[in-house]
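Listed below are the residues making up each chain.
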Amino acid sequence: MSDLLVIRDLCKSYGDFALQNVGFSVPEGCVVGLVGGNGAGKTTAIKAALGIVHADSGSIRLFGEETADMSSTRFSQVKQHIGVVFDTCSFPSDSTVKDIGAIMASSYAAWDRRRFADLTEAWGLSAKKKASDLSRGMGMKLSLACALSHDADLLILDEATAGLDPLAREDALDALRGYLAERDGRGILMSSHITSDLEKIADYLVCIEDGRIAFSCEKDVVTGLAGIAHCREADVSALLACGLFVPGTLRAERRATETAVLVPDRFAFAGAFPRVQIDPASIDDYLSLTLRGDVL
Amino acid sequence: MKTMLLADFITTRKYLVQQCVLSVAIGLFVGIANHSALLASNMLVVMLFVMLSISLLALDEQNGWQRFRLTLPVSRKQVVMGRYVSLLGVAILSLGVCLLTAAIMLGVGSAAPGVVVVDELVEGLAGAASLIVGSAVALCLVTLLAMSISLPAMFRFGMTKATRFLPALCLLLFCIAVMLSAQYAAEVEALLNALPTWVFGPVGLALLAVAVLAIYAASCAVSVRLYESRDF
């Protein structure tokens, strides 16, 4: 399984913000969820991968080739295999759906007019509708239709489902699942604040916080193995004394009536502390406690 | 580059048609009111060229289109060159519209001089046409020269930021020109007297066109370098 996108030690600084040694990859056949707070650096990392901003240092490899070594012509050829969806419908206001299809057709050698027509029809996007008249959800669907209609190997979505209603988000996720299932050699990088979407579709999670990688793991490590233990003070003391977990690896949040402890293995915890309630961790819980919790 | 040209044309074609039709109407109104096809065509070529260019350049800052366009399989060089070619097309379109307006006025003025008075017809139809074509082409080239100076700033800073300091720059250049013309009054007067016969003549226009197009191409090269180094 090769990597479609590999970022290593990416650094990019602006006035009061800097990406520092950010690294992650998107393997074939996988969905990588990029999470983190507002201003953490997710979009900057994506823009660097797409050549929209120039990295100060670091390595970006697309489909096995170093982008820094590519000529502009070669980079344009590589972009034939990438589909991008941003958080806005990024087309000129007066352009119609048909116009946008024509622009995309002239851009991508593998443009599939039939597929674009099928997708826009299925999602209720009239050919004569202007970009400025599309709702947020319809604009996202148009952008997604464009990204899905040129046989891209890599999809990069930056907050593409933000502001969508649950049904529209489910439609988007279905389209992405269909895209991956169609053939081998495809992958998705998806930046999102809507962690429930990532719980449904992601294989890996990468968290960026304050310009650095906070954690990078398989999604199942979070949702399939980690847990939130609802502890009393005595339970916390017992937990620290039992030696089951390495000191400094647990995160906790002291609440009014309990201390919520993020444990990396809820099954081991349940075996050792059967009387303490423990729930599966959601991505939100994991993020919150990893980034904001107290170290135990 | 084909993608850029198609994108520019597709997204502005309705606006282009509207503005051209409106401009012919305005040009005829101004020309007939002032008895001057020369005034109408000169006004139109600059007004239409500048208006259509601004509309085209403003597209980039709609809805993040400029940023998204960079994710398409086009290089930044192709983006810039495509835009320069589009603007050249706008120049030719503006010239065509202004000459059409002048032709309508000259035609009606010749056929029905009591209905539409066109002062330039005292030179005869051929003389009037020659004067109008010469001045319209010269003005179009001068406007293209102004574009050549402005475009690199727009590609470097974006249209919104560039339009904040370009007027000040134009004012500075104008003040320098006024100072120089005051200092070299005799030479400037001789140049202005020679303009109608020299610049507006075929040889002068051809030389002016070559010079302006060379500067336009150099401007394109500078814009490519600036655009390639820009972060979005």
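Since the structure is predicted, the reported quantities are computational estimates derived from the model, not experimental observations.

Please provide a residue-by-residue account of the interface of chain B and chain A, values included.
Frequently, the measure chosen for interface size is the accessible area removed from exposure when the parts meet. Across the boundary between the two partners, chain B contributes 27 residues, which contact 29 residues of chain A. For the pair chain B and chain A, the summed buried area comes to about 2600 Å², and 58% of that belongs to carbon and sulfur atoms. Of all residues in chain B, Arg67, Phe68 and Pro73 of chain B give up the largest surface area on contact with chain A, accounting jointly for 25% of the area buried on that side. Seen at the junction of chain B and chain A, the total is two salt bridges. The shortest N-O distance in the salt bridge between Asp99 of chain A and Arg13 of chain B comes to 3.2 Å. Between the two partners, chain B and chain A, sit 16 residue pairs in polar contact (both at pLDDT 80 or more).

How would you explain the packing of helix α2 (residues 37–59) of chain B against helix α4 (residues 76–111) of chain B if you had to name every residue and give the values?
Residues and elements named next belong to chain B. α4 packs onto α2 with a crossing angle of 155° between their chain directions and a minimal axis gap of 8 Å. Viewed along their axes, α2 and α4 adopt a mutual orientation that is roughly antiparallel. For the pair α2 and α4, the crossing hand works out as right-handed. Each residue belonging to the contact of α2 with α4 can be placed in one class, and the counts come to 19 nonpolar, five polar and one charged.

Give a detailed account of the nonpolar core, specifying residues and quantitative values.
Residue and element names in this part refer to chain A. Core analysis: the largest hydrophobic core is formed by 134 residues, its most contacted members being Leu5, Phe91, Met104, Leu142 and Leu144. Not counting residues up to four positions away in its chain, the partners in contact with Leu142 are Cys89, Phe91, Val97, Ile100, Phe116, Thr120, Leu125 and Leu134. One finds Phe245, Leu250, Phe269 and Ile278 within the second-largest nonpolar core, a separate group that totals 14 residues.

Residues and numbers for the packing of aromatic side chains, please.
Residues and elements named next belong to chain B. All told, the structure shown has eleven aromatic pairs over all chains when counted by the stated rule. Judged by centre distance (6.0 Å) and plane angle (15°), the ring pair of Tyr84 and Phe155 falls under stacked. Of this pair, Tyr84 sits in helix α4 while Phe155 sits in helix α5 (residues 125–157), placing them 71 residues apart in sequence. Given the relative accessible area of 3%, Tyr84 is considered buried.

What counts, and at which threshold
- In this numbering scheme, every chain counts its residues from 1 along its sequence in written order.
- As a convention, the first chain written is A and the first ligand written is 1, with the rest following in written order.
- Residues qualify for local features only when their pLDDT is at least 70, as the model is predicted, and side-chain atom pairs are given and counted only at 80 or more; totals for whole chains, interfaces and linings, by contrast, use all residues.
- As a rule here, side-chain values cover all heavy atoms of the structure and leave hydrogens and water aside.
- The contact criterion used throughout is that any non-hydrogen atoms of two residues lie within 4.5 Å.
- Here the buried area means the combined drop in accessible surface, using a 1.4 Å probe, for two parts upon being joined, counting both sides.
- Whenever a carboxyl oxygen of Asp or Glu lies within 4 Å of a side-chain nitrogen of Lys or Arg, that contact is scored as a salt bridge.
- N or O atoms within 3.5 Å of each other form a polar contact, as long as, within protein, one can give a hydrogen and the other can take it, and as long as residues adjacent in sequence are counted only when both atoms are side-chain atoms.
- Here an angle of 0 to 180 degrees is reported between the N-to-C directions of two axes, which are lines fitted to C-alpha atoms, with helices fitted over the stretch in contact.
- We count a stretch as a helix when DSSP gives it H or I for four or more residues in a row; a strand needs E for two or more, and each element gets its number in order from the N terminus.
- Oblique is the label for any angle not under 35 degrees, not over 145, and not in the 65 to 115 range, which are roughly parallel, roughly antiparallel and roughly perpendicular in turn.
- Left-handed describes a crossing in which the near helix is turned anticlockwise from the far one by less than a right angle; the clockwise case is right-handed.
- Gly counts as polar in this scheme, as do all residues outside two lists: the nonpolar Ala, Val, Leu, Ile, Met, Phe, Trp, Tyr, Cys and Pro, and the charged Asp, Glu, Lys and Arg.
- What we call a nonpolar core is a set of buried Ala, Val, Leu, Ile, Met, Phe, Trp, Tyr and Cys residues that are connected through their side-chain atoms within 4.5 Å.
- Using a 1.4 Å probe on the protein chains alone, a residue whose accessible area is under 20% of its type maximum counts as buried, one over 50% counts as exposed, and one in between counts as partly exposed.
- Under the pairing criterion, centres of Phe, Tyr and Trp rings, with the six-membered ring standing for Trp, must be within 6.5 Å; the plane angle then separates stacked pairs below 30 degrees from edge-to-face pairs above 60, leaving the rest tilted.

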